[in-house]
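As a plain string of letters, each chain reads:
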There are 2 protein chains.
Amino acid sequence: MQIILLSGGSGKRLWPLSNDVRSKQFIKMLKDDRGELESMVMRVYRQIVEAVPYAQVTIATGKKQVSSIKNQLGDRVRICVEPERRDTFPAISLAAAYLKDVEGVGEQEPVLVCPVDPYVEAEYFQVMKRLGELAAEGEADLFLMGMEPTYPSEKYGYIIPGSNDPVSFVRAFREKPDLETAKHYLDQGALWNGGVFACKLEYLLEKAHQQMDFATYKDLYNNYSKAPKISFDYAVVEKEANVRVLRYAGEWKDLGTWNTFTEAMGGNTLGKVVMDETCYNTNVINELNIPILCMGCKDMVIAASGDGVLISDKGQSSYIKPFVDKMEQQVMYAEKSWGSFTVLDVQEESLVIRIVLLPGHSLYYHSHEHRDEVWTVMSGKGRVILDGEERSVGPGDVITMPAGCKHTVFAETELKINEVQLGRDITVEDKVKYEL
Amino acid sequence: MQIILLSGGSGKRLWPLSNDVRSKQFIKMLKDDRGELESMVMRVYRQIVEAVPYAQVTIATGKKQVSSIKNQLGDRVRICVEPERRDTFPAISLAAAYLKDVEGVGEQEPVLVCPVDPYVEAEYFQVMKRLGELAAEGEADLFLMGMEPTYPSEKYGYIIPGSNDPVSFVRAFREKPDLETAKHYLDQGALWNGGVFACKLEYLLEKAHQQMDFATYKDLYNNYSKAPKISFDYAVVEKEANVRVLRYAGEWKDLGTWNTFTEAMGGNTLGKVVMDETCYNTNVINELNIPILCMGCKDMVIAASGDGVLISDKGQSSYIKPFVDKMEQQVMYAEKSWGSFTVLDVQEESLVIRIVLLPGHSLYYHSHEHRDEVWTVMSGKGRVILDGEERSVGPGDVITMPAGCKHTVFAETELKINEVQLGRDITVEDKVKYEL
């Protein structure tokens, strides 16, 4: 069985832990069974493997998330990279074309499509597995998961099933309703549409070719900017006559706001945090290496990272987005395929960064036009190449790279490097890459 | 007129802005008439100069505060350094001996003694000036300032005056009372004892010699550890028969807690802070270079520095001390006579520090036994001495100092240096100083 996980979103609502390069699904603040921290992506992948060990997972996502996915899941998943972000219909179509043309998946194989970040119980994945089996049997073209609603929500689309049976045909789809209409739907036994469905690969390809003009995966990839910005629900699901729905009655949460996110946290605090005994219903996540002391905090969420500090009443925290939109600041921390960088000091004509390079990884071979750089190796062993000359480096070694000097470093063991950048116009754009 | 300012206290109550090396009186978060930030020490000194331009100020303090005083007041004040902290009677006695023996002040000159950090109006210093004039005239031995109380406080000692005249003899002194007794004192027209008094220098010396066995300033300094731990009020003032009190009726605050401190702040925020419109009666001081976003914060004080972040209900903030006592952490930022240092990164066997060296200043000539160091000059010009060899340095220059290498740097213009320390046992104690 093929599983396509849709991984989107820049996640400004969870600032300062999420930013342009770190989406909410990669924040490690849940706990697995052994008490180890895991992200939403790691949790969902773990749950899939537990429920459907033979599943082959492909993550459909944008360029910015590739590093985080590789760091957190390694090479166990395939990644189908969208050239730009559009909507779920082109994203799913591209992934379908990728499975056929690149991975050679047969058109009769069942494919399951699901968001990468639902916070759910194991039962969810059992329902998912059953969806895939039904799709393989082929009694209908499309099988959806319907969430049994716990309240008349205005946030979700609704599926009106034809019966109360575990598997039912679908009478109708409904857009996000107002409260009164939602109550009316609940009386009719309606289910929430959770964006999970299964079908055969050929069905996805057929729908894609009907609505977009392309021959192969490469073709669709190259012309992706012309693909319609339309959701799969709207383009396909709601128009499909031959569709069935399966029920899921367990916990189902979108951890997209601080309120829901903190409910799922393993414990009230993460990182260096001291709370006095008068604090109440307060969650603190501290990624800084200095302590946070909380006294008399009630119903609050507090989050600190290299990007900033949020101190908010829990109710108020859902209005965060416009404030973060205005913030527009330098990314102070980023996970990369090769490790991570952290901005330590910002001065007028210099910048200090900590680079962590994972064993076996290297930077691009590159140079800068307008800045000099100095590396001091803090720990680890590796090899540096400067304008074609290679040398071994270890703790205490200093490497100076004037503007124009081509350089890279390869880590034999984990390397920690203190990098000082010097110049008048320090920008991330000032970078020329070379082949080695 | 001589003025002795008593500067004490490690100021844990204002953590994380105050720490072992930065007392509360040196935190720059008040605003002067031109809107410039100033500390309590800077404010009091400015007010003294405005009221008594001919006053000669001496600050009696411990070693740890010398750098901060020099940075904030320069060479305009004399500093009398106590070899260790005891109490106000030995501290005032040492300062009196210092004035006579080191500065050659005449014994008939009036001396005014006052804490370094009262938050008061200009009128306070007019009363102070008048105290000094009365001491010079010599009608009594000792002249005190009595604060007109605004409520029956249990926090202050009381002076019971003989009359309601502007200058009155003192009927009695009273220790800090309970609430009922305080109310009773107020009915009698009692005044708060604010620790401000004036007398002739000979009076201070006479009292010092009566209770301590010493000949000269040097003598008292060398035997300071044997001086009694006793307050001047207790050792002298409360036993004195020939004493007068002058009234002061203006604003008088001790900015020793977050509650009183934030009341005196110039504005609700300092540093990079965004507050949404639902925040109320909240003060935020941010010394970090990342933004703090506050949403729905009510009656709170928030303070962030390189040492940590405090997030507290204002009422609760007065119970901070035991939590800070337990914190016991590395000092991440310190003002020095030569500039400042800021810890940027703490790793297992390395430490990254930003050093700012003021023009004309240099570090001690020193070496380390157990760590190597690497300097990368970020900005400014100066001269480095390495094992006796001198060279000029500027932006981008790298200086490597293996363990044992004697080194110093002299700043011609303000120097910013990135220092990487490398070794297994990095401690502030690992330092050998040399003469140049």
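These numbers come from a predicted model, not from an experiment.

**Points about the overall build of chain A**
Move 1: Helix and strand counts for chain A stand at 10 helices and 30 strands.
Move 2: In summary, chain A has a C-alpha radius of gyration of 24 Å against a globular reference of 22 Å for 436 residues, a match within 12%.
Move 3: Dimensions of chain A, computed from C-alpha atoms along their principal axes, come out at roughly 70 × 60 × 40 Å.
Move 4: Burial analysis of chain A (436 residues in total) assigns 55% to the buried set.
Move 5: Nonlocal contacts in chain A, meaning residues at least 24 apart in sequence, comprise 65% of its contacts between residues at least 6 apart.
Move 6: Here chain A displays about 18,600 Å² of accessible surface, and carbon together with sulfur accounts for 46% of that area.
Move 7: Measuring between centres, the 49 positive side-chain charges of chain A sit 0 Å from its 64 negative side-chain charges.

**With respect to the sheet that holds strand E29 (residues 415–422) of chain B**
What holds strands together in a sheet is hydrogen bonding between their backbones, with the strands either parallel or antiparallel.
All names here are of chain B.
Move 1: Strand order in the open sheet made by the 6 strands is E20-E21-E22-E29-E24-E27, with antiparallel pairing throughout. Two strands bound the open sheet, and with one partner strand each, they are strand E20 (333–336) and strand E27 (398–401). Geometrically, the sheet is characterised by an average inter-axis angle of 20 degrees between neighbouring strands, direction not taken into account.
Move 2: Across 7 bridges, the pairing between strand E24 (residues 372–379) and E29 is antiparallel. Directly across from Asp-372, in E29, lies its bridge partner Leu-422.
Move 3: Lying on the sheet, helix H2 (residues 66–73) is in contact with E20 and strand E21 (339–347); it crosses E20 at an angle near 65 degrees.

**Description of H2(B)**
All names here are of chain B.
Move 1: Most of H2 is tucked away, with 6 of its 8 residues classed as buried.
Move 2: On the buried face of H2, the contacting elements are helix H1 (40–51), strand E4 (56–62), strand E5 (78–82) and E20.
Move 3: Looking one or two places after H2, you find Gly-74, whose phi comes out positive at around 65 degrees.

**A word on the pattern of salt bridges**
Residues and elements named next belong to chain A.
Move 1: What the rule picks out here adds up to 48 salt bridges over all chains.
Move 2: Linking Lys-253 and Glu-263 is a salt bridge whose minimum nitrogen-to-oxygen distance equals 3.3 Å. Of this pair, Lys-253 sits in strand E13 (residues 252–254) while Glu-263 sits in helix H9 (residues 258–264), placing them 10 residues apart in sequence.
Move 3: Residue Lys-253 is classed as buried on the basis of its relative accessible area, which comes to 19%.
Move 4: Its relative accessible area of 54% is what places Glu-263 among the exposed residues.
Move 5: One salt-bridge network, held together by shared partners, links Asp-33, Glu-38, Arg-46 and Glu-50.

**Here we look at the interface of chain A and chain B**
Reports of interface size often rely on the accessible area that becomes lost once the parts have come together.
Move 1: Tallying the contact residues gives 52 residues for chain A and 52 residues for chain B.
Move 2: For the chain A and chain B pair, buried surface summed over both sides reaches about 4,100 Å², with 70% attributable to carbon and sulfur atoms.
Move 3: Of all residues in chain A, A:Leu293, A:Met295 and A:Ile311 bury the most surface against chain B, accounting for 18% of the area lost on that side.
Move 4: The tally of links from chain A across to chain B stands at 2 salt bridges.
Move 5: A salt bridge links A:Arg354 to B:Asp345, with the nearest nitrogen and oxygen atoms 2.7 Å apart.
Move 6: Where chain A touches chain B, the interface holds 17 residue pairs in polar contact (both at pLDDT 80 or more).
Move 7: Broken down by element, the side of chain A that touches chain B gets its largest block of residues, 6 residues, from strand E19 (residues 308–313) of chain A.
Move 8: Across 4 bridges, the pairing between strand E17 (residues 292–295) of chain A and strand E19 (residues 308–313) of chain B is parallel.

**Side note on the relation of the copies chain A and chain B**
Move 1: The transformation that overlays chain A on chain B combines an axial shift of 0.0 Å with a rotation of 180 degrees, and the residual RMSD is 0.1 Å. Here the symmetry operator amounts to a two-fold rotation axis. For chain A, the residue whose C-alpha comes nearest the rotation axis is A:Leu344, separated from it by 3.0 Å.
Move 2: Looking at chain A, 100% of its interface residues are interface residues in chain B too, so the copies touch through the same face.

**Here we look at the pairing of E19(A)**
Residues and elements named next belong to chain A.
Move 1: For E19, the tally of buried residues reaches 5 of 6 residues, placing the bulk of the element in the interior.
Move 2: Across 6 bridges, strand E18 (residues 300–305) lies against E19 in antiparallel orientation. The partner of Ser-305 across the bridge, within E19, is Gly-308.
Move 3: Linking E18 back to E19 in an antiparallel pair, the connection comprises 2 residues.

**A few points about the sheet that holds strand E16 (residues 283–286) of chain A**
Move 1: Spatially, the 6 strands line up as an open sheet ordered E14(A)-E16(A)-E18(A)-E19(A)-E17(B)-E15(B), and their pairing is mixed. Each edge of the open sheet is held by one strand with a lone partner, namely strand E14 (269–270) of chain A together with strand E15 (273–275) of chain B.
Move 2: Where E14(A) and E16(A) come together, 2 bridges link them in parallel fashion. If you follow A:Leu270 over to E16(A), its bridge partner there is A:Ile285.

Basis of the calculations
- Residues numbered from 1 in each chain as written.
- Chains lettered and ligands numbered in written order.
- Predicted model: local features only at pLDDT ≥ 70, side-chain atom pairs only at ≥ 80, totals over all residues.
- Heavy atoms only, no water.
- Helix = DSSP H or I, 4+ residues; strand = E, 2+ residues; numbered from the N terminus.
- Rg over C-alpha atoms; globule rule 2.2 N^0.38 Å.
- Buried < 20%, exposed > 50% of the residue type's maximum accessible area, 1.4 Å probe, protein only.
- Contact = heavy atoms within 4.5 Å.
- Areas by Shrake-Rupley, 256 points an atom, 1.4 Å probe, with all protein chains shown as cover.
- Lys, Arg positive; Asp, Glu negative; His and termini not counted.
- Charge placed at Lys NZ, Arg CZ, Asp CG, Glu CD.
- Pairing = 2+ DSSP bridges.
- Axes fitted to C-alpha atoms, helices over the stretch in contact; angles between N-to-C directions.
- Salt bridge = Lys/Arg side-chain N within 4 Å of Asp/Glu carboxyl O.
- Buried area = accessible area lost by both parts, 1.4 Å probe.
- Polar contact = N/O pair within 3.5 Å; in protein donor to acceptor, adjacent residues only side chain to side chain.
- Least-squares fit on C-alpha atoms with pLDDT ≥ 70 in both.

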